[in-house]
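# Reading the structure
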Amino acid sequence: MREKLNKYFILSGILTVLCMGLLTGCGGSASIALMDYVTVEFSGVDGSGTAVLNVDHVKMEQDMAGDDDGDISKEELEKIAQFTEFEFSINYELDKTEGLSNGDTVTVTVTYDKDLQKESGVKVKGDTSEKFKVEGLKEPVEVDAFDNSVWNTENGVKVSFDGVAPYGTLSIENNCDSSAPHSYVEYTADKTSELKNGDTIAVTAGLKPGAEDEGYVLKETEAAITAEGLDSYVTDVSMLGAEDVGTLEDKLKEEIRAEYVDAFNFCTADGQSITILGDDAGTFGEPTFTGKGYAAVSDGSFVQTIFIFNMDVSDVTLYSWDGVYYDTPQTKTFSDMYGYCAVRDLKVSPDGKLITGEENYTEVSYELFETEDVMKNQLTSLYGELTEGTFAK
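Attention here is on the structure that accompanies the text. Note on numbering: residues in each chain are counted from 1, in written sequence order. Totals for whole chains, interfaces and linings use every residue, but because this is a predicted model, local features are given only for residues with pLDDT of at least 70 and side-chain atom pairs only at 80 or more, for both listing and counting. As a convention, hydrogens and water are excluded, and side-chain values are obtained from all of the structure's heavy atoms.

Another aspect to go through is the nonpolar core. Leu 240, Tyr 260, Phe 264 and Leu 368 are the most contacted members of the largest nonpolar core, which totals 30 residues. Strands here are runs of E lasting at least two residues and helices are runs of H or I lasting at least four, both read from the DSSP assignment and numbered beginning at the N terminus. Of all the secondary-structure elements, those providing two or more residues to this core are α6 (242-259), β19 (263-267), β23 (302-321) and β24 (324-344). With six residues, the top contributor of residues to this core is β23. Excluding residues within four positions of it along the chain, Leu 368 makes contact with Tyr 260, Phe 264, Asn 265, Phe 266, Cys 267, Phe 284, Phe 309, Met 311, Val 313, Met 337, Tyr 338 and Gly 339. Counting residues in hydrophobic clusters, the runner-up holds 26 residues, among them Val 40, Phe 86, Tyr 92 and Val 108. The definition of a nonpolar core used throughout is a set of buried Ala, Val, Leu, Ile, Met, Phe, Trp, Tyr and Cys residues joined through side-chain atoms within 4.5 Å. The cut-offs for exposure are 20% and 50% of the maximum accessible area for each residue type, with area from a 1.4 Å probe on protein chains only; residues under the lower value are buried, those over the upper are exposed, and the others partly exposed. By definition, residues are in contact when any of their heavy atoms lie within 4.5 Å.

Our next topic: unusual backbone geometry. Between Ala 165 and the following residue, Pro 166, the backbone shows a cis peptide bond with an omega angle of 5°. In this fold, Pro 166 is placed in the loop between β12 (164-165) and β13 (169-174). With a phi angle near 60°, Asn 152 is a residue other than glycine that sits in the positive phi range. Summarising the element assignment, Asn 152 is placed in the loop between β10 (141-143) and β11 (157-162). On the basis of relative accessibility, which here comes to 46%, the residue Asn 152 falls in the partly exposed class. Residue Asp 345 is not a glycine yet carries a positive backbone phi of 60°. Within the secondary structure layout, Asp 345 lies in the loop between β24 and β25 (347-348). Residue Asp 345 is classed as buried on the basis of its relative accessible area, which comes to 16%.

At least two bridges found by DSSP between two strands are what make those strands a pair. An order of β14-β15-β17 is seen for the three strands of this open sheet, with the pairing classed as antiparallel. Both outer strands of the open sheet, β14 (185-189) and β17 (222-226), are each paired with one neighbouring strand and no more. Taking each pair of neighbouring strands and ignoring which way they run, the sheet shows an average axis angle of 30°. One ladder, built from five bridges, connects strand β15 (residues 200-207) with β17; its direction is antiparallel. Within the sheet, the bridge partner assigned to Thr 204 lies in β17 and is Glu 222. In this description, a line fitted to the C-alpha atoms serves as the axis of each element, helices being fitted only across the stretch in contact, and the angle between N-to-C directions of two axes falls anywhere from 0 to 180 degrees.

What follows is about the pairing of β19. Of all five residues that make up β19, five are buried, and the element is covered over most of its length. In β19, alternate side chains face the same way, and those of Ala 263, Asn 265 and Cys 267 on one face and Phe 264 and Phe 266 on the other are all buried. Strand direction decides the pairing type here: β19 and strand β20 (residues 273-277), joined by five bridges, are antiparallel. Bridge pairing links Phe 266 to Ile 274 in β20. The loop that links β19 with its antiparallel partner β20 comprises five residues; one of these, Gly 271, has a positive phi angle of about 90°.

Let us now look at the side chain of Ser 120. In this fold, Ser 120 is placed in helix α5 (residues 114-120). Looking at Ser 120, the relative accessible area reads 4%, which means it is buried. Distance and chemistry together define a polar contact, namely a pair of N or O atoms within 3.5 Å, with one atom able to donate a hydrogen and the other to accept it when in protein, and with adjacent residues in sequence counting only for side-chain atoms on both sides. At 3.2 Å, the side chain of Ser 120 forms a polar contact with the backbone nitrogen of Val 122.

A few words now on the pattern of salt bridges. Salt bridges are defined by distance alone: a side-chain nitrogen of Lys or Arg within 4 Å of a carboxyl oxygen of Asp or Glu. Counted by the stated rule, this structure contains eight salt bridges. Where Asp 199 meets Lys 196, a salt bridge forms, and the shortest distance between an N and an O atom there is 3.0 Å. Judged by its relative accessible area of 14%, Asp 199 is buried. The class of Lys 196 is partly exposed, set by a relative accessible area of 44%.

Encoded structure:
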């Protein structure tokens, strides 16, 4: 560590003016020992202590000027101006500033420009280096930041996972009494949001400012914790158990029947859409779920669980088909057409059970599709990337 003399000179604002008016023949006769102005302060814990070098610049300037009473006379001020350049050249260096133990020694060395010293008229006496013995460092007090008696406890260091996966959050609150050693510990996690059960989070412990001065050291600084206890959005259809799937499908069948009464859009394999209304819509058969489904996250806002079903529609009255107009209306039966039900924000508990009692908006497709691919294209345009899966039976 090097201590460079700063420009903390008495009445420094007028030194430049004074220097311009000095006669070079007026020299000082002060004699100083540069090591007399040095002190070294030790702090911290034995084994990892630190040293800080201090230099009393004001006392040095007073001695150079021959000031004994603390009041700066005009003559003394002129002397200060004369040795300013010499003072600027003085450098103190401390050979070791950290990792110290009681009983160690550190050495302070001073250097200066000898030509400027001669010009200033200030005489330098004594040694240009001095050893200082390290003492006063505190005995270390070891703190286990992750001790089970404190870590992850209500009145100690509280670890909380909140929200719904995969958007869960982590908070770590240090509720330890201010007199307890653990109150000096602060914790940071490498991830605190967008968590799901099973995620591994690295937690780093550190000491608050001033803790080392009290002698505290950490036994451990890192630990890994696992996200747990979060309810989860259904981001994969396999997350639903067979019983819950059956319950949902029974409810969805009722919504499908209510949707398809006297109208529907028919989407052909080539993407054309035909609207059929009123009596022309024919008779709708019973929907049958295929067991296949999709999950989708819409713009990071909603999670959709999509059920796929097949349905027949018989006795549909058509006045044209594929660009050909009939002289007499024709009837047609559409077999195994595809439809879907998209249920928003289904959630399961940590043990995998469907969370009931919540309002989950459900969208039943108004369209019926000739092929699954055409339907999937529409789902992608509505909900974005799809994760395909199979429901439990």
